[in-house]
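Next come the chains, spelled out residue by residue.
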Amino acid sequence: MLIEDAYVGWPGSTHDARVYRNSPISDALQNGLIAQGDHFIIGDSAYALNRFLLTPFRDTGHLTPEQRNYNRKLSGTRQVVERTIRALKARFRRLQALYCLRPQHICNFIMAACVLHNLCILSNDAVEDLLEDGDDRPNNYAAHQDNVQGIDRRNNLTTYLWNIR
């Protein structure tokens with residue numbers, strides 16, 4: 001549950017997909033600076049599918065067994081990220097309500113908490129007792145246009161995951 005990348009500076013009400021589109025990691029992925037070959041990141045349905053960011057299949061009641069398997073595996077992997085964020089907020093409860101006058105101080109505070117979180121993990125400092133239930137709100141975002149390369153890549157991964165089960 002180490003945090004390998006953090007991007008701060010956008011208000012909390014900003015849509016996740018917009019923050020991602022404007023992040024350095026999105027830019028690096030689009031320009032081929034990282035994630036060459038078989039590497040990709042995963043997101044939920046709030047994000048537009050492309051060859052670097054794989055998302056779940058929309059479940060309209062007609063998913064194949066392979067697509068349902070892919071969605072389960074993707075969801076299980078995404079839950080690691082969600083648990084990490086919950087652990088960060090549990091460990092540093094002040095992150096739930098930051099009242100600073102200067103936005104840069106808020107950004108610095110969040111980044112410092114991420115670094116300290118990693119140090120706690122590396123020092124085997126448990127956080128499970130601090131976690132609270134009930135913070136798993138589903139994302140219900142409007143539909144967006146999927147990228148053809150992303151569709152192909154997701155379909156290939158779906159077949160691969162089905163074949164190795």
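Residues numbered from 1 in each chain as written. Predicted model: local features only at pLDDT ≥ 70, side-chain atom pairs only at ≥ 80, totals over all residues. Heavy atoms only, no water.

With respect to the environment of Ala48
Here is the rule: Here a helix means four or more residues in a row that DSSP labels H or I, a strand means two or more in a row labelled E, and each is numbered from the N terminus. Note on exposure labels: buried denotes an accessible area under 20% of the residue type's maximum, exposed denotes more than 50%, and partly exposed covers the range between, all computed with a 1.4 Å probe on protein chains only.
Looking at the secondary structure, you find Ala48 in the loop between β1 (41–42) and β2 (53–54). According to the relative accessible area criterion, Ala48 is partly exposed, its value standing at 34%.

Describing unusual backbone geometry
You will see that Asn124, though not glycine, has its phi angle at about 60°, which is positive. With respect to the element layout, Asn124 can be found in the loop between α4 (103–122) and α5 (148–164).

Quick word on the environment of Asp5
Take Asp5: it is sitting in the segment before α1 (16–21). Judged by its relative accessible area of 51%, Asp5 falls in the exposed class. Taking the C-alpha atoms as reference points, Asp5 and Met111, separated by 106 residues in sequence, lie 9.9 Å from one another.

Describing the packing of helix α3 (residues 65–91) against α5
Keep this limit in mind: Comment: axis = line fitted to C-alpha atoms, over the contacting stretch for helices; angle = value between 0 and 180 degrees taken between N-to-C directions. Throughout this description, any angle smaller than 35 degrees is read as roughly parallel, any larger than 145 degrees as roughly antiparallel, any in the 65 to 115 degree range as roughly perpendicular, and the remainder as oblique. The contact criterion used throughout is that any non-hydrogen atoms of two residues lie within 4.5 Å. The classification used treats Ala, Val, Leu, Ile, Met, Phe, Trp, Tyr, Cys and Pro as nonpolar, Asp, Glu, Lys and Arg as charged, and all other residues, Gly among them, as polar.
Their axes nearest at 9 Å, the elements α3 and α5 cross at an angle of 95°. By the angle between their directions, the pair α3 and α5 is classed as roughly perpendicular. Across the interface between the two elements, Pro65, Glu66, Gln67, Asn69, Tyr70 and Lys73 from α3 touch Arg154, Leu157, Thr158, Leu161 and Trp162 from α5. Of the residues assigned to the contact of α3 with α5, the class counts are 5 nonpolar, 3 polar and 3 charged.

Observations regarding the nonpolar core
Keep this limit in mind: Working definition of a nonpolar core: buried Ala, Val, Leu, Ile, Met, Phe, Trp, Tyr and Cys residues. They are joined through side-chain atoms within 4.5 Å.
Core analysis: the largest hydrophobic core is formed by 8 residues, namely Leu49, Leu54, Phe57, Leu63, Tyr70, Leu74, Leu157 and Leu161. When residues of this core are traced back to their parent elements, those giving at least two are α3 and α5. Formed by 7 residues, the second largest nonpolar core is a distinct cluster that contains Tyr20, Ala46, Tyr47 and Phe52.

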